[in-house]
Every structure is written in C-alpha cells, then in structure tokens.
Amino acid sequence: MPFLPQNLNRYFWDIDPKNLTKKHKKQIIARLLDFGNTEAIAWCKEQFSEKEITECLKTSRVLSKKSANFWAIKFDIPKNQVLCLQPSFRNKHRKLWNY
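Right, let's walk through the structure included here. On a predicted model such as this, the values are computed, not experimentally measured, just so you know. (Residues numbered from 1 in each chain as written. Predicted model: local features only at pLDDT ≥ 70, side-chain atom pairs only at ≥ 80, totals over all residues. Heavy atoms only, no water.)

## Brief notes about the pattern of salt bridges
A complete count under the given rule lists two salt bridges for this structure. Close ionic contact of Arg31 with Asp14 constitutes a salt bridge, the shortest N to O distance being 3.1 Å. Remark: Asp14 occurs in the segment before α1 (25-35) and Arg31 occurs in helix α1; sequence separation between them is 17 residues. Given a relative accessible area of 17%, Arg31 falls into the buried group. When its relative accessible area of 48% is taken as the criterion, Asp14 is described as partly exposed. Lys25 is paired through a salt bridge with Glu52; the nearest N and O atoms lie 3.1 Å apart. Of the two residues, Lys25 sits in helix α1 while Glu52 sits in helix α3 (residues 50-59), which places them 27 residues apart along the sequence. (Salt bridge = Lys/Arg side-chain N within 4 Å of Asp/Glu carboxyl O. Helix = DSSP H or I, 4+ residues; strand = E, 2+ residues; numbered from the N terminus. Buried < 20%, exposed > 50% of the residue type's maximum accessible area, 1.4 Å probe, protein only.)

## Overview of the state of the cysteines
Considering all chains together, one arrives at zero disulfides under this definition. For the unlinked cysteine Cys56, the closest cysteine sulfur is that of Cys44, found at 7.9 Å. There is no disulfide at Cys84, and the cysteine sulfur nearest it, in Cys56, is 9.5 Å away. Classification of Cys84 as buried rests on a relative accessible area of 0%. (Disulfide = S-S within 2.5 Å.)

## Overview of the packing of α1 against α3
Describing two packed helices takes the angle between their axes plus the distance from one axis to the other. Where α1 meets α3, the closest approach of the two axes is 9 Å, and the angle between their N-to-C directions is 80°. What the angle tells us is that α1 and α3 run roughly perpendicular. In this structure, α1 contributes Lys25, Lys26, Ile29, Ala30 and Leu33 to the contact, and α3 contributes Glu52, Ile53, Cys56 and Thr59. Here the residues of the contact of α1 with α3 sort into five nonpolar, one polar and three charged. (Axes fitted to C-alpha atoms, helices over the stretch in contact; angles between N-to-C directions. Parallel < 35°, antiparallel > 145°, perpendicular 65-115°, else oblique. Contact = heavy atoms within 4.5 Å. Nonpolar A, V, L, I, M, F, W, Y, C, P; charged D, E, K, R; others polar.)

This is the structure:
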C-alpha cells in the first residue's frame, strides 16, 4: 500500500509517488509545504511531527522564498534559522540561474 494518499500524487510530478515512503520525509514535507493545499498540509501534519516539519523548513534548499517566509511565520521560526532565506544562500542560488 502506498504511503501517500492518491490525492497528493499531483505534487510529485517528477517522481513515482508509489515509491515514496516515510524515509523520504524531507522531500515529502518540503514539496507539500511549497505546493500543497490545505488538505495536503493537514495530511502532512498528521503524518509528521511538528519537530520534523520545522527541521525540514530550517534545512530545506528547495523551498521558494515566499513559502519559506510564510511557514517561518506560521511556525514562529526566526528567519535567520531558515537556510533558504539566508542572503548568502539566495545570492548563490541567483548566480546559478539569472532568470
């Protein structure tokens, strides 16, 4: 039986969602925080502890600035603790892709 409910498969367009398990928690959490709707976020909160979610938020390199900012406020995490909101990370990311 797949770990992800079928209604969340649309958020994993680049991989086969049937292969995802709980050990892929960082990828699952980051994708759902970045693109998920309220139903996806509710499922994420049911499956993972707040500590797991906030740890992913703090260390993820793939979250958009907008999503990272929103979730940092929502979970009351100082922005200086969120990797993808750090100026050094944003500048490095921008240099790799100027568009």
